[in-house]
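Listed here are the chains, written in short residue letters.
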Amino acid sequence: MKYAYISTQEPFSLGVRIAQVQDTKDGLVDVDGLLFWVECADDVNGGTHYYDMANNQIKAVPVVAA
């Protein structure tokens with residue numbers, strides 16, 4: 001299990017950006033709801049996933065067919 005650092009100040013069209021993913025929560029702190037940690041699957045990264053604030057879940061960015 002890894003941890004995703006969520007940035008509520010960086011909206012993404014479907015939610016908010018995952019600023020960082022790492023093995024531990026060491027080195028970064030929660031900032032009054034602006035930045036916070038959530039546990040996530042090992043395959044999560046900021047380029048392919050986002051945090052859905054409505055459902056409090058990490059989700060994969062949908063792939064759009066060309």
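My aim in this report is to walk through the structure given alongside it, one point at a time. Each chain has its residues counted from 1, following the order in which its sequence is written. The model is predicted, so local features are restricted to residues of pLDDT at least 70 and side-chain atom pairs to those at 80 or more, both for listing and for counting; the totals for chains, interfaces and linings are taken over all residues. Each side-chain value is worked out from all heavy atoms of the structure, with water and hydrogens disregarded.

## Some thoughts on the nonpolar core
- Put simply, a nonpolar core is a bunch of buried Ala, Val, Leu, Ile, Met, Phe, Trp, Tyr and Cys residues held in one set by side-chain atoms that sit within 4.5 Å of each other. Think of it in three bands: residues with accessible area under 20% of the maximum for their type are buried, residues over 50% are exposed, and the middle band is partly exposed, with areas taken using a 1.4 Å probe on protein chains only. With nine residues, the main nonpolar core is built from Ala4, Ile6, Val16, Ile18, Phe36, Val38, Cys40, Val44 and Tyr51.
- Starting at the N terminus, helices and strands are each numbered in turn, a helix being any DSSP run of H or I of at least four residues and a strand any DSSP run of E of at least two. Mapped by element, the contributors of at least two residues to this core are β1 (2-12), β2 (15-22) and β3 (35-40).
- Take this core: its biggest share by element is three residues, from β3.
- Only heavy atoms matter for contacts: two residues are in contact if any of them lie within 4.5 Å across the pair. If sequence neighbours within four positions are ignored, Ala4 has contacts with Ile18, Gln20, Val21, Phe36, Trp37, Val38, Cys40 and Ile58.

## What to know about the environment of Asp43
- For Asp43, the location among the structural elements is in the loop between β3 and β4 (49-52).
- Here Asp43 falls in the exposed class, since its relative accessible area comes to 55%.
- For Asp43 and Lys2, which are 41 residues apart along the polypeptide, the C-alpha to C-alpha distance reads 8.8 Å.

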